[in-house]
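Architecture at a glance
Listed here are the chains, written in short residue letters.
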Amino acid sequence: MSHVGVGPRAVMRSVAFLTAGVLAVPALAGCTSEDPAGKPLAEQDVAAAARAEISDGGTLRWAVDSVPDTLNAFQSDADATTTRVAQAVLPSMYRMDETGSPVRNPDYLESAEVVDTEPKQVVVYKLNQQAVWSDGREIGAADFAAQWRALSGKDSAYWTARNAGYDRIEKVERGANDLEVKVTFSRPYADWKALFTPLYPKDVTGTPDAFNDGARRALKVSAGPFAVKKVDTKGDQVVLTGNPRWWGEPAKLDEIVLRAVPRDERVAELVAGKLDLAEIDPETADEVTLAAGPRDPATGTPLMGPGGTPAAGAQGRSAAQALRSWAIANGSDEEAAEEEVLAREERREAEAKARRRQQALSGFELRKSLEPAYTQLALNGADGPLADERVRRAVARALDREELAEAVLKPLGLPAEPVGSHLALAGQPAYADGSGALGEQNAKEARALLADAGWVPGGPVKKKDGEEAAGAEKDKSKDKDEDKDEDKKDGKKSEGGDDGTYIVGEDNKNKDGSNDDGDDAKDGADRESGEKHSSGKNTAQGGAPGAYAPKGTAAPAGAAAAPLAKDGKALTLRFVLPSGPGSETLRTVADRITDMLKEIGIGTKITKVPDESYFKDHVAAGEYDLALYSWPASAFPATDARPIYAKPVPAADGSLNVAQNYTRVGTDQVDQLFDRALATLDRKEARDLLRKADSRIWAAAGSVPLYQRPQLTAARKNLANAGAFGFATPVYEDMGFLKKGAQGSRPTAPSSPSSSSPSASSSSS
């Protein structure tokens, strides 16, 4: 993930997050009798077990990215740990299932339904009669009403992150009895199931002072299987303990300790036995997988290496290397022999240390799935070359999204399928592949679009003193200094996984190991035309009207090698990337994108910036041309995705109000489709409207979804009902350690849909 995790739904899209590593228009593409939503690409992997197989008691030590600054999920500085705590200790009317759809939570809600639509929409909630706060008071209408008033936006004294949905409520009142809550809306609201999750007690939401400050470091009153025991900022941990007033299935664990552990320190904490559950990076994932495999009973060393390859011999060396070392150590050259003896001793010590490390990790296993989030390439359409829709479309059509997905996911054994929607992920009801509105990867069409926009190969490039190429004109002097510093450290070009843990292949090779010429010339021709001979489908033209240069427009000769220029300026785009150790995969993907753009004559200037400033000072501030970041998926895209794709509007001070639309690309049509989807209570109509909106977002080419993010978790082998959760909300009361002899259920090895599809053979990684 990641530097910033998936936050609470109420503010989950208030920030985007990095990838260590959620969301179109001809008649809907793929409108057949088959549901275009499909199924989730990967199952959750949590070692599922029945409660009867789990021991009572124990403490789960769970690594998180941070100790939260607030426990109030509706404040702007809430983070992923805030969400974890809220899920474990507060009421939720609905939780997410394995397909990313909202399902009623029976511990709190017996039923909820729309009972009237005219003249106003009215929803009646019938609460579980056993549901009480930890102070013994019943959960009721007063709590619902207090939360509505706090989040309605009518009182600016409440420091709220956003008010979506609550601003459509007219009143909240007691129903026919104390267990009923009646909510009347001033305007129809399709995503009403998004509301009151989590639900805070009126003690927190009843006054601005209580809301703003009362739940930042403590939650005195809660109503979940767990309660907050303490937030220990010095010890970097949050301690949750069982709630004695909990009326549901009792929690199996005594405590859950959420420990803030940096990603690059988690393997050491696992080895030291200080963690039971931790999201990890791919390099650590390989190490955990190797350590968990079969071992030689005599030596304790793994019998197999990564990917099922035979493990190396003694001291991690081949038999030939070991024989050569023995020969030198026992040879006539005394100086060489002495050096080799010392080297052998150092290797023995290193091997012993590695064995101890592997032995410590052998109690863990890797649980993996796909995170409910996707990584995208963002194209800043505010100014410069990318303000021209034709240039954005050219960039988008130069990308081989299958290759990028395979580069990241295939080495991890996860399904490598490109994401086809901005608004949902495969398996969610709103999902449909809308990328046909833009068209498939096609270098010839991309160059034609650039030619139509006036960018020609080999043109004269004139520079005034201090002037950058087109697309990089707004670079500041500090950015230039950063580039120079990075060049000294890294060379002229980032090498992706050169310095860290996320190594996903070589940039200049196809999946058969060959270079991009020679015998691959035929494949290159297919790439140029967009044709896929394995399926016989010609994809060179199609999609939304106006998405392509006029049919028949000739691509300039030699454009693949010659850089493009216009009005004396070269077409060079500033590609901003984070520089931290957890972002190797982003840099690897960026290198591949750079090569793909080079094929159509577009240059890139890669600028690496500190992680802490990447989003705030560059992406959100609009100081970039190209950037890679992720959005979490939502069960309520009409509400949560709208601010991401809404057309920016001028503010009173003359600035541009972009909300969360950091690409600055939007249209009135998309806004209208979101508004209509939000106002209809017909689920099928809402789904169709969202799919149309997604097609138009594709056609505008402000962002290009690439792949669903991997979710890799190291879990103690006897830990059940925890791990890579996928879409589903964790069930905290069912987590625990298995009884002796019991085993959790693991999913079958996932297979990528693209690996067996006709189109997979024509993409390279």
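Here the structure is shown first, and the text comes after it.
Treat the numbers as computed from the prediction; the structure is a model and nothing was measured.

1. Details of the pairing of strand S12 (residues 364-379)
- Counted residue by residue, S12 has 15 buried out of 16 residues, so it is predominantly covered.
- In terms of strand pairing, S12 meets strand S20 (residues 626-632) through 7 bridges, oriented antiparallel. Across the sheet, Leu379 pairs through a bridge with Leu626, a residue of S20.

2. Describing empty space enclosed by the protein
- In this structure, the second largest cavity spans a volume of roughly 80 Å³.
- Taken together, Tyr645, Thr663, Val665, Gly666, Thr667, Val670, Arg696, Ile697, Ala700, Gly702 and Ser703 make up the lining of the second largest cavity.
- Looking at the lining of the second largest cavity residue by residue, the class counts come to 5 nonpolar, 5 polar and 1 charged.

3. Observations regarding the packing of helix H7 (residues 319-329) against helix H8 (residues 334-361)
- Interhelical geometry of H7 versus H8 gives an angle of 135° and a closest axis separation of 7 Å. Here H7 lies oblique to H8, going by the angle between them. For the pair H7 and H8, the contacting residues are Ala322, Ser325, Trp326, Ile328 and Ala329 in the first and Ala336, Ala337, Glu340, Val341, Arg344 and Arg347 in the second.
- Within the contact of H7 with H8, the residues separate by chemical class into 7 nonpolar, 1 polar and 3 charged.

4. Some remarks on unusual backbone geometry
- At the junction of Glu118 and Pro119, the peptide bond is cis and its omega measures out at 0° in the coordinates.
- In this fold, Pro119 is placed in the loop between strand S4 (109-116) and strand S5 (122-127).
- Unusually for a residue other than glycine, Arg664 sits at a positive phi of about 60°.
- Even without being a glycine, Ala701 presents a positive backbone phi close to 55°.
- The residue Ala701 is located in the loop between helix H19 (683-700) and strand S23 (703-716) in this model.

5. A closer look at the side chain of Thr663
- Take Thr663: it is sitting in the loop between strand S22 (656-657) and helix H18 (668-679).
- Under the relative-accessibility criterion, Thr663 is labelled buried at 7%.
- For Thr663, the contacting residues outside a window of four places in its chain are Ala378, Leu379, Asn380, Gly381, Ala382, Tyr624, Tyr629, Gly702 and Ser703.

6. Description of the nonpolar core
- In terms of nonpolar packing, the biggest core is built from 104 residues, with Tyr125, Phe196, Leu240 and Tyr645 touching the most fellow members.
- Looking at this core, the element that brings in the most residues is helix H2 (residues 141-151), giving 6 residues.
- Counting 62 residues, the second largest nonpolar core, distinct from the first, contains Val267, Ala446, Ala453 and Tyr707.

7. Here's the deal with the packing of aromatic side chains
- Under the defined criterion, the tally for this structure stands at 19 aromatic pairs.
- With 6.4 Å between their ring centres and 85° between their planes, Phe74 and Tyr166 make a pair best called edge-to-face. Of the two residues, Phe74 is situated in the loop between strand S1 (59-64) and helix H1 (80-89) and Tyr166 in the loop between H2 and strand S6 (169-174); the sequence distance between them amounts to 92 residues.
- We classify Phe74 as buried; its relative accessible area is 4%.
- By relative accessible area, which is 3% here, Tyr166 ends up buried.
- Relative to Trp247, the ring of Trp246 lies with its centre 4.6 Å away and its plane at 40°, an arrangement referred to as tilted.
- Judged by relative accessible area, which is 14%, Trp247 ranks as buried.

8. A look at the pattern of salt bridges
- Overall, the coordinates contain 33 salt bridges when judged by the stated rule.
- In this structure, Lys229 and Glu255 form a salt bridge, with 3.0 Å as the shortest nitrogen-oxygen distance. Taken as a pair, Lys229 in strand S8 (residues 226-232) and Glu255 in strand S10 (residues 255-260) lie far apart in primary sequence, 26 residues in all.
- Between Lys684 and Asp688 there is a salt bridge; the shortest N-O distance is 3.1 Å. A residue pair is termed a helical-turn pair when its members lie 3 or 4 positions apart in one helix, as Lys684 and Asp688 do in helix H19 at 4 residues.
- Here the salt bridges do not stand alone but share partners, grouping Asp45, Glu365, Arg367 and Arg746 into one network.

9. Examining the sheet that holds strand S7 (residues 180-185)
- Taken in spatial order, the 4 strands line up as S4-S5-S7-S6 in an open sheet, and their pairing is antiparallel. A strand with exactly one partner marks an edge of an open sheet, and here the two such strands are S4 and S6. Strand-to-strand, the axes of this sheet are offset by a mean angle of 15°, without reference to chain direction.
- Of the pairings in the sheet, the one linking S6 to S7 comprises 5 bridges and is antiparallel in character. From the neighbouring strand, Arg174 faces S7, where its bridge partner is Val181.
- Most of the contacts of H2 go to S6, to which it runs at about 160°, and overall it touches S5, S6 and S7.

10. A word on the packing of helix H6 (residues 282-292) against H8
- For the pair H6 and H8, interaxial distance at closest approach is 8 Å and the crossing angle is 85°. With respect to their mutual orientation, H6 and H8 come out roughly perpendicular. Residue-level contacts link Glu287, Val288, Leu290 and Ala291 of H6 to Arg357, Gln358 and Leu361 of H8.
- Of the residues belonging to the contact of H6 with H8, the class tally is 4 nonpolar, 1 polar and 2 charged.

11. Considering the pairing of S7
- When you tally the buried positions in S7, you get 5 out of 6 residues, the bulk of the element.
- Linking two consecutive strands that pair antiparallel, namely S6 and S7, is a turn of 5 residues.

12. Looking at the environment of Ala112
- Considering the arrangement of structural elements, one finds Ala112 in strand S4.
- Setting aside anything within four residues of it in sequence, one finds Ala112 in contact with Tyr94, Val124, Tyr125 and Trp192.

Definitions and cut-offs
Residues numbered from 1 in each chain as written. Predicted model: local features only at pLDDT ≥ 70, side-chain atom pairs only at ≥ 80, totals over all residues. Heavy atoms only, no water. Buried < 20%, exposed > 50% of the residue type's maximum accessible area, 1.4 Å probe, protein only. Helix = DSSP H or I, 4+ residues; strand = E, 2+ residues; numbered from the N terminus. Pairing = 2+ DSSP bridges. 1 Å grid on protein atoms, 1.4 Å probe; cavity = no way out; pocket = protein on both sides within 12 Å on 5 of 7 lines; lining within 4 Å. Points joined across faces, edges and corners; volume = space filled by probe spheres on them. Nonpolar A, V, L, I, M, F, W, Y, C, P; charged D, E, K, R; others polar. Axes fitted to C-alpha atoms, helices over the stretch in contact; angles between N-to-C directions. Parallel < 35°, antiparallel > 145°, perpendicular 65-115°, else oblique. Contact = heavy atoms within 4.5 Å. Core = buried A, V, L, I, M, F, W, Y, C linked by side-chain atoms within 4.5 Å. Phe/Tyr/Trp six-rings, centres within 6.5 Å; stacked < 30°, edge-to-face > 60°. Salt bridge = Lys/Arg side-chain N within 4 Å of Asp/Glu carboxyl O.

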